[in-house]
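# Examination of the molecular architecture
Each chain, letter by letter, is given below.
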Amino acid sequence: MDPLETRELVEKSPTDSSRKDDCQSSKTCSRTSPLYILMEPFQWLQMLSSQLNPTFIFGVVVVYGFSQGLSGSFFKVVTDYYWKDVQKVQPSAVQLYMGLYYIPWVMKPIWGLFTDVFPVRGYKRRPYFIVAGVLGCASALMIALLGKVPIAVALSCLIGITAGVAIADVTIDACIAKNSIEIRALAPDMQSLCGFCSSLGALIGYSSSGFFVHHLGPQVALVLLAVPPALLIVLGFVIYEVRSTSLQSEKKKAVEGLQIALRGMSKTIKLPQVWKPSLYMYLSLALSISTHEGHFYWYTDPKAGPAFSQEFVGIIYAVGALASIAGVLIYQKALKNCPFRSLILYAQLLYGMSGMLDLTFVLRWNLALGIPDYFFVIAEECVSRIISRIRWMPMIVLSTRLCPLGIEGTFFALLMCIDSLGSLSSKWGGGVVLHLFHVTRTDFTNLWLVILIRNFLRFATLGLIFLVPRGDQADSLIPSDILTANSAASLDDDGLELVPVKETSEEVQLLIDEK
């Protein structure tokens, strides 16, 4: 190279370098601009839609947004007032009744087996969305329109509503688990989508529940719970699914698939890296006994408590739903790449500390500090909901990591069944403690002691953190031979076309990085 060319290269290098720096600076500036921040959620949804079938996204919105989020939040507030004002039962009894709501969720492995190995007229998913919708609609209309019914009938109808939600949840969770296995890089994003839809639906449900309870009464307001199940029926007809052509051999395949699923579940659950985190998830829920009904009765009591109105109770929960969305965003932006054990450890520690705010409120120390009840309860709800969401998200991602391909719906349902058993134990345990300490409709003298016991159990859960694996949230936690064996032995997966086969995890990760 002659000296002239060398000099030209030297003169051009700073210019090229400065251009790269300017380009990088421009990209950084654009990422921090208000327009970029506003458009980022839509770009994220566009990215998910490009990698996943749009009908799957629609299914997540209907199941998590309407069926679980909106219906679940509306159900919570309206049934609280239904038991308190219509049936007039004690808070400890309501806790026991609420535990029965989890029976359909405990049965999730059965629903999972049906969706995995018992297709109906060649369809694996569509019929179960329709069944869930019909069951939920019928139960909601029955309890709302029959007037005051015996407690056993009312409880059966309410369990029927939760059964419809549980069946729909299992069906869509099978799709989520399958996607999480095939595209591991998108697993946290899918859980973030589910959490966001659930929290947004809860925000709408909580915001409107107090208004409808006040103007319609708790019983008539229950008729609105028939709307989300109706959307499930629509989902069953519009969701994309390829019908199996081998209808004559469906029964034989169902029996074979059932045997394969049971063997795969038995083999997988015995793995230490599976049963240990499953045990932790159960104990972390069961040991945190629920005192919700004691709080609710105290909230609305005109003498012992702050006597919050029906509308304000709905506002409290609505603000909590907004806080849940904030928790999802915090997890999505900052925590989705953290190791399981570290994230769950600190989340559980904060969870125990946040429980002390309830104790402060019940003992009315907030008034001694000059903090009004309305302000304090809103702040407490925000803190507890954010921490609860951050604590819950990695455990759901962990559950998807433990599912073998081929029986992912059944096994994920089994893990969610374990969680439901934990929630049931929490409700019943809380009901027993409320009863033992004589917390009734009008006597809240020992409510502070019940809360103190609950908080101690939350901190005690930290001693079980060794059961949680240390791996990252994108790691595969079970042996690949189990995945391969179950995939090879499983039935023809003619179901939902959820993931384009040509996409690999590496390609998706590159796309996420670009976004």
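Residues numbered from 1 in each chain as written. Predicted model: local features only at pLDDT ≥ 70, side-chain atom pairs only at ≥ 80, totals over all residues. Heavy atoms only, no water.

## Overview of helix α20 (residues 447–460)
To keep it simple, the criterion reads: Strands are runs of DSSP state E lasting at least two residues, helices are runs of H or I lasting at least four, and both sets are numbered from the N terminus onward. Helix span, expected: 1.5 Å multiplied by one less than the number of residues in the helix. Burial classes: relative accessible area under 20% of the type maximum marks a residue as buried, over 50% as exposed, and values in between as partly exposed (1.4 Å probe, protein chains only). Working definition: the arc comes from the directions between the helix axis and the C-beta atoms, pointing outward to the latter.
Taking 1.5 Å of rise per residue, the 14 residues of α20 would be expected to cover 20 Å, and the 20 Å separating its terminal C-alpha atoms lies within 8% of that figure. Considered for burial, the residues of α20 that qualify are Leu447, Val450, Ile451, Arg454, Asn455 and Arg458. Each buried residue of α20 sits inside an arc of 135° when the element is viewed along its axis, so together they form one side.

## A word on the environment of Ala152
The residue Ala152 is located in helix α8 (residues 151–182) in this model. When the C-alpha positions of Ala152 and Tyr97 are compared, they lie 9.9 Å apart, and in sequence the two are 55 residues distant.

## Topic: the packing of helix α4 (residues 91–100) against helix α14 (residues 292–299)
Defined as follows: Orientation is described by lines fitted to C-alpha atoms, with helices fitted over the stretch in contact, and by angles between N-to-C directions that extend from 0 to 180 degrees. In these notes the angle categories are as follows: under 35 degrees is roughly parallel, over 145 is roughly antiparallel, 65 to 115 is roughly perpendicular, and the rest is oblique. Whether a crossing is left-handed or right-handed is set by the direction in which the near helix is turned from the far one by less than a right angle, anticlockwise for left-handed and clockwise for right-handed. What makes two residues a contact is simply this: any of their non-hydrogen atoms within 4.5 Å.
In contact at an axis separation of 8 Å, α4 and α14 are set at 135° when each is read in the N-to-C sense. It follows from the interaxial angle that α4 and α14 lie oblique. Note that α4 runs across α14; the crossing there is right-handed. Residue-level inspection shows Pro91, Val94, Gln95 and Met98 of α4 in contact with α14, the latter providing His292, Glu293, Gly294 and Tyr297.

## Here we look at the packing of helix α15 (residues 310–335) against helix α18 (residues 373–401)
To keep things clear, this is the line we draw: The nonpolar class holds Ala, Val, Leu, Ile, Met, Phe, Trp, Tyr, Cys and Pro. Asp, Glu, Lys and Arg form the charged class, and all remaining residues, Gly among them, are polar.
Running from N to C, α15 and α18 cross one another at 40°; their axes reach a closest spacing of 7 Å. One finds that α15 runs oblique with respect to α18. As for how α15 packs across α18, the hand of that crossing is right-handed. Per-class residue counts for the contact of α15 with α18 are 20 nonpolar, 3 polar and 3 charged.

## Some details on the environment of Ala226
Here Ala226 shows up in the loop between α10 (218–221) and α11 (227–238). Judged by its relative accessible area of 10%, Ala226 is buried. Separated by 92 residues in the primary sequence, Ala226 and Val134 have C-alpha atoms spaced 9.2 Å apart. If near-sequence neighbours (up to four positions away) are discounted, Ala226 is found in contact with Cys137, Ala140 and Leu141.

## Quick look at the pattern of salt bridges
Stated precisely, the cut-off is as follows: Should a side-chain nitrogen of Lys or Arg be within 4 Å of a carboxyl oxygen of Asp or Glu, the pair is scored as a salt bridge.
For the structure on display, the rule yields 4 salt bridges. When the shortest N-O distance is used, the salt bridge between Asp373 and Arg364 registers 2.3 Å. Residue class for Asp373 comes out buried when judged on its relative accessible area of 11%. Among the salt bridges present, the one from Arg385 reaches Glu381, with a minimum N-O distance of 3.1 Å. Here Arg385 pairs with Glu381, and both are found in helix α18, just 4 residues apart, close to one helical turn.

## Focus: the side chain of Asn366
What counts here: Any pair of nitrogen or oxygen atoms within 3.5 Å is treated as a polar contact; in protein, a donor-acceptor pairing is required on top of that, and neighbouring residues in sequence qualify only through side-chain atoms on both sides.
By secondary structure assignment, the location of Asn366 is in helix α17 (residues 365–368). When its relative accessible area of 0% is taken as the criterion, Asn366 is described as buried. A distance of 2.9 Å separates a polar atom in the side chain of Asn366 from a polar atom in the side chain of Asp373. Sequence-distant contacts of Asn366, that is, excluding residues within four places in its chain, are made with Thr360, Phe361, Ile371, Pro372, Asp373 and Phe376.

## Side note on the nonpolar core
Put simply, the rule is: To form a nonpolar core, buried Ala, Val, Leu, Ile, Met, Phe, Trp, Tyr and Cys residues must be joined to one another through side-chain atoms within 4.5 Å.
Membership of the largest hydrophobic core comes to 55 residues, with the highest contact counts inside it found for Tyr82, Trp83, Phe308 and Leu447. It is helix α3 (residues 54–86) that contributes the most residues to this core, 8 residues altogether. Ignoring sequence-local partners within four residues, the contact set of Tyr82 consists of Gln87, Ile143, Val149, Ala154, Pro218, Gln219 and Leu222. Formed by 33 residues, the second largest nonpolar core is a distinct cluster that contains Leu52, Ala132, Leu232 and Ile239.

## Brief notes about the packing of aromatic side chains
Short version of the rule: Here the aromatic set is Phe, Tyr and Trp, taking the six-membered ring for Trp, and pairing holds for ring centres within 6.5 Å; pairs whose planes are under 30 degrees apart are stacked, those over 60 apart are edge-to-face, and all others are tilted. For a Lys NZ or an Arg CZ to count as sitting over a ring, it must be within 6 Å of the ring centre and within 35 degrees of the ring normal.
Evaluated as defined, the whole model comprises 17 aromatic pairs. Aromatic pair Tyr81 and Phe296: ring centres 5.0 Å apart, planes at 85°, arrangement edge-to-face. Of this pair, Tyr81 sits in helix α3 while Phe296 sits in helix α14, placing them 215 residues apart in sequence. Both residues of the pair, Tyr81 and Phe296, belong to the buried class. One aromatic cluster in this structure is built from Trp298, Tyr299, Phe308, Phe312, Phe361, Tyr374 and Phe376. Lying over the aromatic face of Tyr317, Lys76 brings its terminal NZ or CZ to 4.5 Å of the ring centre. If you follow Arg391 out to its NZ or CZ, it ends over the ring of Tyr351, 4.1 Å from the centre.

## Description of a nonpolar patch on the surface
For clarity, the threshold we go by: Residues enter patches when they are more than 30% accessible in relative terms and free of salt bridges; like-charged ones are connected within 9 Å and nonpolar ones (Val, Leu, Ile, Met, Phe, Trp, Tyr) within 5 Å. To measure how exposed things are, a 1.4 Å probe is used in the Shrake-Rupley method; for residues, cover is taken only from the protein chains shown.
On the surface, a cluster of nonpolar side chains totalling about 380 Å² of accessible area is made up of Phe58, Val234, Phe237 and Val238. For the nonpolar patch, the element with the most residues is α11, which contributes 3 residues. Residue placement: Phe58 occurs in helix α3. Overall, the relative accessible area of 38% leaves Phe58 in the partly exposed class.

## Here we look at unusual backbone geometry
One can expect most non-glycine residues to show negative phi and most peptide bonds to be in trans. One non-glycine residue, Ala307, lies in the positive phi region at around 55°. Residue class for Ala307 comes out partly exposed when judged on its relative accessible area of 33%.

## Structural notes on the side chain of His292
Following the sequence through the fold, His292 ends up in helix α14. For His292, a relative accessible area of 14% corresponds to the buried category. Residues contacting His292, with those up to four places away along its chain left out, are Lys76, Asp80, Gln95, Met98, Tyr317 and Lys427.

## Here we look at the environment of Pro127
In this fold, Pro127 is placed in helix α7 (residues 126–145). Residue classification places Pro127 among the buried residues on the basis of a relative accessible area of 14%. Spatially, the C-alpha atoms of Pro127 and Phe237 are 8.5 Å apart, while their sequence positions differ by 110 residues.

## Notes on the confidence of the model for the protein chain
To be explicit about the condition: Confidence of the predictor at the level of single residues is captured by pLDDT, which takes values from 0 to 100.
Averaged over every residue, the pLDDT of the protein chain is 79; residues scoring 70 or more account for 80%. Here helix α22 (residues 505–514) stands out as the least confident element of the protein chain, with mean pLDDT 40; α20 is the most confident, with 93. Within the model, the stretch residues 1–29 combines pLDDT values under 50 with 2 contacts to residues more than four positions away or in other chains. Here residues 483–515 is modelled with pLDDT under 50, and outside its nearest four sequence neighbours on either side it reaches 68 contacts, counting other chains as well.

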